[in-house]
Amino acid sequence: MIHSYDVVIVGAGGAGLRAAVEIPKEYSCAVISKVFPPRSHTGTAQGGVCAALSNMEEDSWENHVFDTVKGSDYLGDQDSIEVMCKDAIRAIIELEHMGMPFSRNEEGKIAQRYFGGHTKPADQNDPYGKRIPVKRSCYSADRTGHVMLHTLFENTIKNQVTFFSEYFVTDLLMENGVCKGVVAFDIANLEVHIFKAKAVMFATGGYGRVFRITSNAHVGTGDGMALVYNAGLPLEDMEFFQFHPTGLWKLGILVSEAARGEGGILKNKDGERFMARYAPTVMDLAPRDMVSRSIINEIREGRGIRGSDGTDYVLLDVSHLGKEVIDEKLPEITGFARTYLGVEPTKEPIPIQPTAHYAMGGIPTNVNCEVLLNEKGDIVKGLYAAGECACVSVHGANRLGTNSLLDLVVFGRRGGKAISEYLKTAKFLEVDESAAKKTNEFISWLFSSNGNEKISDIRTELQNAMMENCGVFRTEEGLKKMIDKLEELKKRYRNISLQDKSKVFNTELVEAIELENLLKNAEATVYGAYQRQESRGAHSREDFPKRDDNSWMKHTFAFQKFESSPELKYKPVVVTKYQPMERKY
Ligand SMILES: Cc1cc2nc3c(=O)[nH]c(=O)nc-3n(C[C@H](O)[C@H](O)[C@H](O)COP(=O)(O)OP(=O)(O)OC[C@H]3O[C@@H](n4cnc5c(N)ncnc54)[C@H](O)[C@@H]3O)c2cc1C
């Protein structure tokens with residue numbers, strides 16, 4: 001079946017829905033999502049979305065820019081960061097006007113709280129000297145993403161967007177460097193649908209499921225990134241993957257940074273507030289890369305707590321905040337600790353460990369969400385990307401908490417605007433039934449392949465190996481091991497077989513395709529990490545412990561080469577005002 005829409009948006013998280021809201025009603029707009037829209041990962045975001053509103057104390061968007069640049073370990077493009085932080089204030093007020101129910105302060109204004117790495121100068125006359133935490137994160141208790149996603153969903157319905165829920169996109173259609181649509185199948189019955197479009201936007205989220213311990217939902221398998229990579233287009237900065245310091249021990253389920261924003265403290269086995277040693281000024285509110293490394297360091301040096309299964313953890317203590325604050329401001333996350341670990345956070349500390357959380361890298365775009373064809377900045381006509389699957393790059397080597405929800409609404413809107421402009425002159429390109437060939441062949445292969453490899457085995461081995469060799473700390477030896485493992489797993493993938501041969505809601509078939517996508521994402525990540533001989537933000541090489549601005553102030557662009565290793569090219573970082581400095585907190 002062939003459908004025609006002026007614009008097709010793949011992904012119904014915050015980025016995709018914010019873009020859809022922006023498309024004028026005279027254009028037809030379809031949103032395709034492999035899950036029912038409000039089940040997208042954005043709905044699980046807890047802590048907040050930041051903007052220098054100055055509702056609680058004096059702040060400025062320039063402070064926000066500086067923090068984001070510094071937090072990115074000077075890999076973020078400073079022109080893009082300026083665009084995002086300056087637009088943040090308008091974006092939050094707009095969400096309020098759309099109906100998003102923010103928590104309020106005593107004056108009835110949007111409430112704001114502390115979050116890691118968000119600071120202001122201690123002395124106005126010394127803007128880049130000592131900095132102290134500032135309340136910049138706007139929130140709705142600890143379910144900010146949930147209310148944001150529902151608000152946006154309601155607004156897209158008002159805008160008469162057509163939804164294709166539980167449709168899985170498998171192919172990107174291109175002709176002479178111009179995008180002309182996508183191919184998807186209906187998960188309910190495996191029927192293949194062709195979507196002809198003048199413009200396509202990917203808003204497909206992250207790929208945290210490539211790691212064993214992750215905060216990401218099961219759907220976070222990097223499908224959009226893999227599809228773009230398969231089309232011969234580059235992926236940018238994939239070696240930068242953020243580990244959030246506080247995942248529930250063994251499970252990885254997130255305990256939002258809001259817990260520390262509200263005054264929660266990290267402790268080792270001796271009850272010591274160990275962050276005082278690593279980040280004396282901001283302590284538990286240091287950026288995530290630093291806190292995650294500090295936790296692993298405590299564990300390595302024997303100050304972690306050994307669990308019954310032989311794995312280690314440290315403690316997050318919120319008990320001193322009192323039941324009232326916990327119940328009002330952190331109800332969800334303390335509920336998780338009760339349900340999944342049987343811990344009562346009002347009385348005892350929560351066992352935590354770092355959890356794979358966020359992809360800083362992704363599909364390269366400019367500030368108008370146009371996808372880049374190469375490291376020179378040429379663009380692909382008709383193809384856009386926004387949200388976690390994209391790399392603008394505003395987060396550089398390490399994202400600050402609450403900057404992602406902001407990224408979704410700022411760049412989702414900009415992408416929607418750019419598409420609306422493009423649609424004024426864009427035309428449909430020819431698409432016929434043959435466009436479905438690749439997807440049909442792949443599905444047939446999955447049904448007929450009768451090798452002896454199980455999808456779940458390959459996935460588990462990939463996730464364990466990534467954790468061990470490409471996690472918080474990396475070395476040449478570990479990355480080399482990971483490359484060998486990945487090549488082995490790619491070969492074994494050709495030998496899989498499905499146990500479930502039915503055509504109705506065949507989730508095993510979906511998982512098989514997602515596994516292939518995870519392998520692609522892992523490839524770009526690992527090869528980029530192997531090549532980058534420095535430590536910057538979330539990419540921490542024990543064999544190259546220093547940041548190397550002379551050789552590595554540049555973005556990695558990985559191009560898939562199918563039968564050999566990916567080709568890596570590089571693009572310089574855009575520096576406007578802020579020259580790299582040592583990153584201390
Ligand atoms: C537990 C958790 C808490 C977080 N808390 C915060 C926070 O407090 N503040 C903050 O700023 N950030 C937070 N983040 C990060 C932030 O929430 C995410 O980066 C962001 O929500 C991603 O949004 P997105 O729109 O890019 O994609 P998502 O919300 O992940 O949505 C992806 C969409 O793409 C669709 N899709 C994917 N592949 C396909 C396919 N093949 N076919 C069809 N559809 C497809 C999915 O169905 C889905 O609709 C958190 C993340 C997690 C995991």
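A. Here's a closer look at the site of the ligand. Near the ligand you find 38 residues, and of these Ser40, His41, Thr42, Glu388 and Leu405 are the closest. Between the ligand and Ser33 there is a distance of 2.7 Å, counted from an oxygen atom to a side-chain nitrogen or oxygen. His41 places a main-chain nitrogen or oxygen 3.5 Å from an oxygen atom of the ligand. Taken by itself the ligand offers 1000 Å² of open surface, and the protein chains cover 97% of this. It is helix 11 (residues 403-423) that provides the largest number of residues to the shell around the ligand, a total of four residues.

B. Summary view of helix 15 (residues 507-531). The terminal C-alpha atoms of helix 15, which comprises 25 residues, lie 36 Å apart, in line with the 36 Å expected from a rise of 1.5 Å per residue. Along helix 15, 20 of the 25 residues are buried, which leaves the element largely enclosed by surrounding structure.

C. Seen up close, the environment of Met553. With respect to the helices and strands, the residue Met553 is situated in the loop between helix 16 (549-552) and strand 22 (554-559). Given the relative accessible area of 17%, Met553 is considered buried. Spatially, the C-alpha atoms of Met553 and Cys391 are 16 Å apart, while their sequence positions differ by 162 residues. If we ignore the near neighbours within four places in the chain, the residues touching Met553 are Tyr74, Arg536, Asp548, Pro572, Val573, Val575 and Pro580.

D. Layout of the packing of helix 1 (residues 14-22) against helix 11. The contact between helix 1 and helix 11 brings their axes to 7 Å, and the two run at 40 degrees. The orientation of helix 1 relative to helix 11 falls into the category oblique. Regarding helix 1 and helix 11, the two cross each other, and that crossing is right-handed. The residues of helix 11 that touch helix 1, namely those facing Gly14, Ala15, Arg18, Ala19 and Glu22, are Leu408, Val409, Gly412, Arg413, Gly416, Lys417 and Ser420.

E. Structural view of the sheet that holds strand 22. Taken in spatial order, the three strands of this open sheet run 12-22-23, and their pairing is antiparallel. The open sheet has two edge strands, strand 12 (235-236) and strand 23 (567-572), and neither has a second partner. The sheet contact formed by strand 22 and strand 23 spans six bridges and is antiparallel. Bridge pairing in strand 23 places Lys554 opposite Pro572.

F. Here's a closer look at the side chain of Asn398. By the secondary structure assignment, Asn398 is in the loop between strand 21 (390-391) and helix 11. Only 3.1 Å separates the side chain of Asn398 from the side chain of Gln242, close enough to count as a polar contact. With residues near it in sequence (within four places) discarded, Asn398 still touches Gly71, Ser72, Gln242, Pro287, Arg288, Asp289, Met360, Gly537, Ala538 and Arg583.

What counts and what doesn't
Residues numbered from 1 in each chain as written. Predicted model: local features only at pLDDT ≥ 70, side-chain atom pairs only at ≥ 80, totals over all residues. Heavy atoms only, no water. Near = heavy atom within 4 Å. Polar contact = N/O pair within 3.5 Å; in protein donor to acceptor, adjacent residues only side chain to side chain. Areas by Shrake-Rupley, 256 points an atom, 1.4 Å probe, with all protein chains shown as cover. Helix = DSSP H or I, 4+ residues; strand = E, 2+ residues; numbered from the N terminus. Expected span 1.5 Å × (residues − 1). Buried < 20%, exposed > 50% of the residue type's maximum accessible area, 1.4 Å probe, protein only. Contact = heavy atoms within 4.5 Å. Axes fitted to C-alpha atoms, helices over the stretch in contact; angles between N-to-C directions. Parallel < 35°, antiparallel > 145°, perpendicular 65-115°, else oblique. Left-handed = near helix turned anticlockwise from the far one by under 90°. Pairing = 2+ DSSP bridges.

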